[in-house]
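Working through the structure, step by step
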Amino acid sequence: MTAILSVEGVDKSYGTHHILKSVSLTVEDGETFAVIGPNGAGKTTLFKVMTGEIGFERGRIVYDGRDVSRAPAHERARLGMGRTFQVARIFPDVTVADNLTVAVEARRRSRGESAPAWYRVATRADIRAEVEARLLDVGLADKAAVEAKFLSHGDKKRLEFGIALAGRPRILMLDEPTAGMSPTDRIATADLIARLRAETGLTVVMTEHDMDVIFGLADRILVMNYGEIIAVGSIEEVRANPLVREVYLGQEIYHAER
Amino acid sequence: MMALRLGAILFGAALFLALPTVSDQGIVFLAGLVVIEAIFALSWNLLFGFTGLASFGHAAFFAIGAYLTGYGLKAGLGVPFLGLIAASGLLGALVAALTGLVLLRRTTGIHLAIFTLALAEVLRIVIGYSTLLGREDGLASIPKPTLELGFATIPLTSGTAYYYFMCVAGLVIGAVLWVVCHGPYGRLLVSIRQDPQRVAFLGVNVGRKRLQAFILSGAVAAIAGALYAPWAQIVTPESAHWIHSTQPMLASLLGGAHSFWGPVVGTVLFSIINYLTRNLVGLSELVIGATLLIIVLAAPSGVIGLVRTAQQRWSRRRKSGAGPDGDEGGSVRS
């Protein structure tokens, strides 16, 4: 296994709040890596640092052998990092299909693939076909013509997932992909992630509160508390860790069924 | 929907083209101003309605084009008219590039609005001190040009000829902007308006796209100014005044900022209101103010939005007998 993403001794503060304290981790190519921890542990900040949404004070982030510590978000996206947000971020004023069209066209342009010129008013057939494929992937084919703002919460999450997939990422970063979803939608989303991973060999990094989803998908788990890593390892290793027991005392991590 | 839109555009174009044969010179002059202000409003709305950037000093670009072309024609530099228009567009683009490079680096939203407003006022004051540009009096008695196309020479020295030239120019610029706004580029700009950060995570350099839109908008506004100089035959520092900067904003809000033709519809409506209330001092402001208030409160998406809603309701009623409604609502851009 080779490392696709490594975080080396990263520190991040908001003013006097020290959020990330010398955090280091390594994500292997093709694995599913979950970051868990209580609220305020710094999971989302770690996510923002890894994707390039915010900067950090000390340390280094290496993606695919390249130091991307100072690379802005759009450059990381071009290198193959895709992400979703905790609250689904889509383009509400246009149709579901247009949401994906813009994502497909953006990827083609930024990776030097064949992209339509500015004067092509009608969407090109090959791009329409790709959009159809993504719609089928995320199960929104019947809602292609709906304006995205009218979608349900779960459908918005799925659309955002489709937008991220349209970027053909090598590594997909999911910030609480099932937050606020109904149990049925959670299972559907977890199945979707598992299927795409199997089909494309995608590396997934995710934070999540739902332990069923985590245990169903993750190869390795990283547990954070107060900006520090307290455990990394397989599900069994993490469950057996006394420090994790303390942080999660009496919580679902020990009740959830595999 | 499509047929209605096409019909409205053709009807509007026919009306403008027929105007010199049916009405007096005063009205033709106003119609010419409508064409110019409509182009100006389209350039502003490319930024606001499509890219999500508000420039409150857009009249500065207009003045840059108007002064350059006005000066070029008055001084008899021997530069062909189309060359002057192109030079105006280039100068507008250059100024937009320089200011955009500085302003867009950090500011969007209200800060950008105030900065552009301040810079435009500075430009107006500088023009007022410039002897070359006629100080506060501006450049008067600008001659109408002759169009040299290489294979033919068309004199635009008569009002009617120049009016037709402006109509053609307006159609060409409108068509180019329509294509820009409705193709992949426009789709990207609309996405940036809705969520710039999401667009950045698609691998797009959002700052660069915003700068491009700013440059394009500045160039088109300057071209509108270039068309204005020989039509009004006088250019004063007022053309850079902030009141002039509000014209495209009010027109876009009235017509509908999220629709491509909204600014054009708004400009036409404003001119009609102005014309009908021309003899009643102070009433035109009152009517415009009241109209805007009603529009903002009752129809935030402008007159075009109102028409579209009515259209959808009508088509839904018509379809309801035939089966389930297939109309999922119009797209944002039309």
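Residues numbered from 1 in each chain as written. Chains lettered and ligands numbered in written order. Predicted model: local features only at pLDDT ≥ 70, side-chain atom pairs only at ≥ 80, totals over all residues.

1. A look at the overall build of chain A
On a plain count of helices and strands, chain A comes out with nine helices and ten strands. On the principal axes, the C-alpha backbone points of chain A span a range of 60 × 40 × 35 Å. Buried positions account for 45% of the 258 residues belonging to chain A. Sequence separation of 24 or more characterises 68% of the internal contacts of chain A that already satisfy a separation of 6 or more. (Helix = DSSP H or I, 4+ residues; strand = E, 2+ residues; numbered from the N terminus. Buried ≥ 20, exposed ≤ 12 C-beta atoms within 10 Å, placed from the backbone. Contact = placed C-beta atoms within 7 Å.)

2. Re the overall build of chain B
Scanning chain B from terminus to terminus reveals 13 helices and two strands. Against the compact-globule benchmark of 20 Å for 334 residues, chain B has a radius of gyration of 20 Å, which places it among compact chains. In terms of its C-alpha atoms, chain B occupies a principal-axis envelope of roughly 70 × 50 × 50 Å. Within chain B, the proportion of its 334 residues that are buried is 44%. Taking as baseline every contact in chain B between residues at least 6 positions apart, the subset at least 24 positions apart corresponds to 75%. (Rg over C-alpha atoms; globule rule 2.2 N^0.38 Å.)

3. Let's talk about the interface of chain B and chain A
With 23 residues of chain B at the contact, the number on the chain A side is 28 residues. Broken down by secondary-structure element, the contributors of at least two residues to the side of chain B that touches chain A are α6 (159-182), α7 (184-194) and α8 (196-200) of chain B. Class assignment for the residues of the side of chain B that touches chain A results in eleven nonpolar, eight polar and four charged. (Nonpolar A, V, L, I, M, F, W, Y, C, P; charged D, E, K, R; others polar.)

4. Examining the pairing of strand β3 (residues 32-36) of chain A
All names here are of chain A. Counted residue by residue, β3 has five buried out of five residues, so it is predominantly covered. Burial along β3 is two-sided: the face carrying Thr32, Ala34 and Ile36 and the face carrying Phe33 and Val35 are both buried. Where β3 meets strand β8 (residues 203-207), four bridges bridge the pair, whose relative direction is parallel. What sits directly across from alanine 34, in β8, is methionine 206. One ladder, built from four bridges, connects β3 with strand β9 (residues 220-225); its direction is parallel. In the strand pairing of β9, valine 35 is matched with leucine 222. (Pairing = 2+ DSSP bridges.)

5. Quick look at unusual backbone geometry
All names here are of chain A. A positive phi angle is found at serine 22, which is not glycine, with a value near 45°. Mapped onto the fold, serine 22 is located in strand β2 (residues 17-28). Taking the number of C-beta atoms within 10 Å as the measure of exposure, serine 22 has 14 and is therefore partly exposed.

6. Thoughts on the sheet that holds strand β6 (residues 81-84) of chain A
Residue and element names in this part refer to chain A. Spatially, the six strands line up as an open sheet ordered β6-β7-β8-β3-β9-β10, and their pairing is mixed. Bordering the open sheet on either side are β6 and β10 (228-233), each of which pairs with just one other strand. With direction set aside, neighbouring strand axes in the sheet form an average angle of 15°. Sheet analysis places β6 next to strand β7 (residues 171-175), joined by four bridges and oriented parallel. Residue pairing across strands places glycine 82 opposite leucine 172, the latter belonging to β7. Here helix α5 (residues 153-166) sits on the sheet in contact with β6 and β7, set at roughly 170° to β6. (Axes fitted to C-alpha atoms, helices over the stretch in contact; angles between N-to-C directions.)

7. Comments concerning helix α1 (residues 2-22) of chain B
Each α-helix turn comprises 3.6 residues. Residues three or four places apart therefore point the same way. Residue and element names in this part refer to chain B. A rise of 1.5 Å per residue sets the reference length of α1, with its 21 residues, at 30 Å; its end C-alpha atoms lie 29 Å apart and thus fit the reference within 8%. Taking the largest bend as the criterion, α1 deviates by roughly 30°, centred on phenylalanine 16, and proline proline 20 comes between one and four positions later. Little of α1 is tucked away, with two of its 21 residues classed as buried. (Expected span 1.5 Å × (residues − 1). Bend = angle between axes of the 7 residues up to and from the residue.)

8. What to know about the sheet that holds strand β4 (residues 58-63) of chain A
Residues and elements named next belong to chain A. One open sheet holds the four strands; their spatial order is β2-β1-β4-β5, and the pairing between them is antiparallel. This sheet does not close on itself; its edge strands, each paired only once, are β2 and β5 (66-67). Looking at chain direction, β4 and β5 are connected through two bridges and run antiparallel. If you follow tyrosine 63 over to β5, its bridge partner there is arginine 66.

9. Some points on the environment of isoleucine 229 of chain A
Residues and elements named next belong to chain A. For isoleucine 229, the location among the structural elements is in strand β10. Judged by the 21 C-beta atoms lying within 10 Å of it, isoleucine 229 is buried. With 193 residues separating them in the primary sequence, isoleucine 229 and isoleucine 36 have C-alpha atoms 9.9 Å apart. With near-sequence residues (within four places) excluded, isoleucine 229 lies in contact with Val23, Leu25, Leu222 and Met224.

10. Thoughts on the nonpolar core
Residues and elements named next belong to chain B. In terms of nonpolar packing, the biggest core is built from 158 residues, with Ala63, Val220 and Ala224 touching the most fellow members. Among the elements that take part in this core, helix α9 (residues 206-232) stands out by supplying 16 residues, more than any other. Setting aside residues no more than four positions away along its own chain, alanine 63 makes contact with Leu123, Ile127, Gly225, Ser239 and Ala240. (Core = buried A, V, L, I, M, F, W, Y, C linked by C-beta atoms within 7 Å.)

11. Remarks on the confidence of the model for chain B
All names here are of chain B. Summing up the model confidence of chain B, the mean pLDDT is 88 and the portion of residues at 70 or higher is 95%. Here residues 322-334 is a poorly scored stretch, pLDDT under 50, and it has 30 contacts once near neighbours within four places are set aside; other chains count. If you check the scores for this complex, the pTM reads 0.89 and the ipTM reads 0.88. (pLDDT = per-residue confidence, 0-100.)

12. Some thoughts on the pairing of β8 of chain A
Regular strands show a simple pattern: their side chains alternate between the two faces of the sheet. Residue and element names in this part refer to chain A. Taking burial as the measure, the five residues of β8 include five buried ones, the bulk of the element. Covered by surrounding structure in β8 are Thr203, Val205 and Thr207 together with Val204 and Met206, the residues of both alternating faces. In this structure, β7 lies alongside β8, joined through five bridges in parallel fashion. When the sheet's bridge partners are listed, leucine 174 is paired in β8 with methionine 206. On the question of chirality, the crossover connecting β7 to the parallel β8 by way of helix α6 (residues 183-200) is right-handed. (Right-handed = clockwise from strand over helix to strand, strands pointing away.)

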